[in-house]
Amino acid sequence: MAGSSENDVATERIGYITRVQSFSACHRLHSIHLSDEDNKDVYGKCNNPYGHGHNYKVEVTVRGKIDRLTGMVMNLTDLKKCIEDVIMVPLDHKNLDKDVPYFANVVSTTENLAVYIWDNMVKAMPPNMLYEIKIHETDKNIVIYRGE
């Protein structure tokens, strides 16, 4: 019978949780593989030698089975801790290019920032839980990365 509560209890349900976190950081878009002139052409004002800053908004989405006992996909306290360790401590109020070793040889675009966050969140979380990293660089520029 459709809508039976017995079936609902036995059915494994998949849920998604998104936690939003904001942080501020500065960077300069500059590739060591391009000449200074090519960098200016590709990145424009974002290649300013003194850099520029953003108030990033990151959405971390996890996906998993809704636990029958707790009713949770993941304890939000655990997710908050992962975000603190992976995003806030290494990135907030930092110069991405100078303070984050990953970006010494990787251009600090928002796409690469999403990859950096993904790679480090995967290490900090239970296996196969991370679903998506979405970064709002500005009100109009948003990057999504799903580990692909």
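Refer to the structure presented above.
Residues numbered from 1 in each chain as written. Predicted model: local features only at pLDDT ≥ 70, side-chain atom pairs only at ≥ 80, totals over all residues. Heavy atoms only, no water.

Asks: Please provide a residue-by-residue account of the pattern of salt bridges, values included.
Replies: Between side chains of opposite charge, pairing is possible as soon as their charged atoms come close. Overall, the coordinates contain three salt bridges when judged by the stated rule. A salt bridge links K81 to D85, with the shortest nitrogen-to-oxygen separation between them at 2.8 Å. Taken together, the residues span about one helical turn, with K81 and D85 both in helix α3 (residues 76–91) at a distance of four residues. What makes D85 partly exposed here is its relative accessible area of 38%. Between E132 and R146 there is a salt bridge whose closest N-O contact spans 2.5 Å. With E132 in strand β4 (residues 130–136) and R146 in the segment after β5 (142–145), this residue pair connects regions lying 14 residues apart in the sequence. On the basis of relative accessible area, E132 is assigned to the buried category, the value being 7%. (Salt bridge = Lys/Arg side-chain N within 4 Å of Asp/Glu carboxyl O. Helix = DSSP H or I, 4+ residues; strand = E, 2+ residues; numbered from the N terminus. Buried < 20%, exposed > 50% of the residue type's maximum accessible area, 1.4 Å probe, protein only.)

Asks: How would you sum up the environment of P90? Please name residues and give values.
Replies: Mapped onto the fold, P90 is located in helix α3. Here P90 falls in the partly exposed class, since its relative accessible area comes to 21%. P90 sits ten residues away from V100 along the chain, and the two C-alpha atoms are 6.9 Å apart. The residues touching P90, leaving out its near neighbours within four places in the chain, are E84, D85, V100 and Y116. (Contact = heavy atoms within 4.5 Å.)

Take it as geometry only, folks, not as evidence of what the structure does.
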